[in-house]
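Survey of secondary and tertiary structure
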Amino acid sequence: MNWQEVCADPHLHDLPYKIELNEQGQILMSPVRLYHSAFQGEIILNCDAFSMKPRIKELLAVIPAAEPQIELCGWVKTCRDSGSLCFIEITDGSCLAGLQVIAEPSLNNYESEVRRLSTGCAVKVCGRLTASPAKGQAVELRAESLSVIGLADPENYPLQKKRHSFEFLRSISHLRPRTNAFGAVARIRSELNFAIHRFFREQGFIQVHTPIITTSDCEGAGEMFTVTALTAEQLRQPEPFQQDFFGRRAGLTVSGQLQAEIFALSHGRVYTFGPTFRAENSNTSRHLAEFWMLEPEMAFCDLSDDMEIAEALIKDLVGTVLRNCADELDLFERFISKGLLNKLETVLSQPFARMTYSEAVAALEHADRKFDFPVQWGTDLQSEHERFLCEELTGRPLIVTDYPKQIKPFYMRLNDDGRTVAAMDILVPGIGELVGGSQREERLDLLEGRMCAAGLDMEEYSWYLDLRRFGSVPHAGFGLGFERLVQFVTGMSNIRDVIPFPRTPGSAPC
Ligand code: 4AD
Ligand code: MG
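A few points on the structure. Remember, it's a predicted structure, so these values are computed and weren't measured experimentally. (Residues numbered from 1 in each chain as written. Chains lettered and ligands numbered in written order. Predicted model: local features only at pLDDT ≥ 70, side-chain atom pairs only at ≥ 80, totals over all residues.)

**Some points on the sheet that holds strand E9 (residues 213–214)**
Strand order in the open sheet formed by three strands is E9-E11-E10, with antiparallel pairing between adjacent strands. Both edges of this open sheet fall to E9 and strand E10 (226–227), since each of them pairs with a single strand only. Where E9 lies against strand E11 (residues 250–252), two bridges are found, and the strand directions are antiparallel. Residue Thr-214 lies in a different strand from E11, and its bridge partner there is Gly-251. (Pairing = 2+ DSSP bridges. Helix = DSSP H or I, 4+ residues; strand = E, 2+ residues; numbered from the N terminus.)

**Some thoughts on the sheet that holds strand E5 (residues 99–103)**
Read around the barrel, five strands follow the order E3-E4-E5-E7-E6 and close on themselves; strand pairing throughout is mixed. Averaged over neighbouring strand pairs, the angle between their axes works out to 55° when direction is ignored. (Axes fitted to C-alpha atoms, helices over the stretch in contact; angles between N-to-C directions.)

**Quick word on the pairing of strand E12 (residues 269–277)**
Extensive coverage of E12 is indicated by the burial of seven of its nine residues. Relative to E12, strand E8 (residues 206–207) is paired through two bridges, and the arrangement is parallel. The residue bridging Ile-206 from the neighbouring strand is Val-270, located in E12. (Buried ≥ 20, exposed ≤ 12 C-beta atoms within 10 Å, placed from the backbone.)

**Points about the site of ligand 1**
Around ligand 1, the structure places 23 residues, and the nearest of them are Ser-255, Gln-257, Gly-436, Gly-479 and Gly-481. Elements with a contribution of two residues or more to the shell around ligand 1: strand E13 (290–299), strand E17 (432–439), strand E18 (475–481) and helix H15 (482–490). Among the elements that take part in the shell around ligand 1, E17 stands out by supplying six residues, more than any other. The residue makeup of the shell around ligand 1, split by class, is seven nonpolar, nine polar and seven charged. (Near = placed C-beta within 6 Å. Nonpolar A, V, L, I, M, F, W, Y, C, P; charged D, E, K, R; others polar.)

**Some thoughts on the nonpolar core**
For soluble globular proteins, nonpolar side chains are generally found buried alongside one another. Judged by nonpolar contacts, the single largest core of 85 residues is most densely connected at Leu-485 and Val-489. Counting residues per element, this core draws most heavily on helix H8 (residues 303–324), which supplies nine residues. In this view, Leu-485 contacts Leu-192, Leu-317, Leu-434 and Leu-480; residues no more than four positions away in its chain are not counted. Judged by nonpolar contacts, the second largest core, of 23 residues, contains Ile-88, Leu-99, Cys-121 and Val-125. (Core = buried A, V, L, I, M, F, W, Y, C linked by C-beta atoms within 7 Å. Contact = placed C-beta atoms within 7 Å.)

**Side note on unusual backbone geometry**
At Glu-239, a position not held by glycine, the phi torsion is positive, near 45°. Within the secondary structure, Glu-239 sits in the loop between helix H6 (232–235) and E11. A positive phi angle, close to 60°, is found at Phe-300, a residue other than glycine. With respect to the helices and strands, the residue Phe-300 is situated in the loop between E13 and H8.

**A short note on the pairing of E17**
Looking down a regular strand, the side chains alternate between one sheet face and the other. For E17, the buried fraction is high: seven of the eight residues fall into the buried class. Where strand E16 (residues 423–428) and E17 come together, six bridges link them in antiparallel fashion. The partner of Ile-426 across the bridge, within E17, is Val-435. Looking at chain direction, E17 and E18 are connected through five bridges and run antiparallel. The residue bridging Gln-439 from the neighbouring strand is Ala-476, located in E18.

Okay, structure coming up:
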């Protein structure tokens with residue numbers, strides 16, 4: 001098989017990394033992957049265009065018989081001096097596992113540097129990768145040279161070998177990605193991000209980059225951060241925004257939905273996925289002022305299609321993480337959330353439960369349980385209600401549909417009963433609301449009526465009404481809170497720990 005054939009073969013794309021040895025026994029790696037049955041574990045190809053040094057993730061897959069010469073750069077996780085040898089565990093962020101380095105006293109800087117290494121030091125190690133006699137690791141690196149690239153003074157370096165609380169780690173958001181849990185969250189986040197784009201691409205959607213600065217408050221909840229170029233003094237003048245940069249009040253988007261609808265009505269199936277902002281003063285473990293939201297929007301679709309695609313998406317994403325992030329999930333199962341794997345497998349193995357809002361309210365009213373917030377038809381479900389429904393009543397993800405119109409935004413399609421809308425929320429155990437979506441009101445007169453009732457300025461939204469004036473079609477979409485998804489998949493209980501840089505009331509440290 002030659003290079004072109006390997007590239008052209010779709011079966012090769014999910015196989016382990018290809019590693020090549022050159023004539024000196026050094027490893028070269030290319031983004032091409034190894035085709036086990038064709039090469040029988042022998043490593044053949046190199047891609048001239050791109051050759052990077054292998055990292056721990058790839059090295060751990062090496063068959064060590066050849067004892068290749070390698071060079072590894074990373075950070076010291078632990079360093080143990082056994083008296084006659086030093087055992088140094090190095091991590092490089094490519095995977096959860098570290099690589100054990102064995103350093104012998106014959107190294108010329110053994111006394112001066114190697115024995116003094118501490119957690120967090122950056123090093124470069126050259127040596128041979130050999131089979132390891134120790135339990136729990138297939139290979140180890142026998143150092144022939146070790147150079148210190150950056151020291152981390154153990155007296156002052158905040159991350160030590162012991163377990164640190166998540167609260168403490170939040171206070172050092174610039175260092176916490178180096179810990180096992182945050183490293184694993186970052187890899188799972190990235191995996192989910194990629195899987196989202198893959199899923200929609202496979203379903204024929206196109207991605208639309210909706211604006212971050214907007215003049216429309218999609219959700220109408222008055223939670224938009226204002227974007228202004230005015231000074232504090234100018235802001236005190238009457239009608240200040242007329243003099244502002246955009247000539248009217250603008251803000252950071254609370255949702256890309258309305259703009260996604262524009263493209264759904266030209267391209268059929270679209271999605272937008274980006275940062276979203278809400279000046280919502282909720283200091284909870286599920287709310288951020290800046291979060292990422294995925295919003296697909298589909299023309300010629302109704303609520304039932306909307307629920308079907310949301311369920312298929314969530315199953316696909318959970319399945320992807322179960323397949324590709326087994327080590328990370330094992331860490332979360334053991335240290336963060338017992339029963340996590342079981343919970344995720346249940347997502348795949350059973351259809352999501354479904355009930356209407358009215359049925360949910362009836363179930364809550366009959367529940368053998370006291371809630372802090374009273375349950376009454378016409379009021380929004382609180383987090384405690386949502387969690388009761390999906391954790392205790394159904395024990396799996398639950399789609400609640402047909403909410404009262406007065407608790408939902410103007411764009412949701414009015415049902416024939418005149419008092420509920422074609423809305424759906426997906427509630428998941430441990431989190432509550434993960435997805436909020438609906439069929440959109442495509443009938444001009446009814447939409448105008450709802451906008452009027454919501455006190456919206458028809459002039460400002462005339463572009464949105466045009467979508468109903470010209471070639472209007474039934475369409476639907478939903479919004480999935482990306483951080484809540486990462487919480488669900490990892491079992492991390494606080495949303496601040498699944499986004500690299502959380503922004504919450506009173507906190508935006510860097
Ligand atoms: O239910 P929401 O407000 O729906 C919308 O914004 C619609 N325009 C979506 C659409 O139909 N295209 O938000 C959608 C999801 C919620 O279910 C939740 O997961 C997440 O976004 N979300 C938040 N996540 C973190 N912090 C916050 N403050 C969030 N607010 C909503
Ligand atoms: Mg919602």
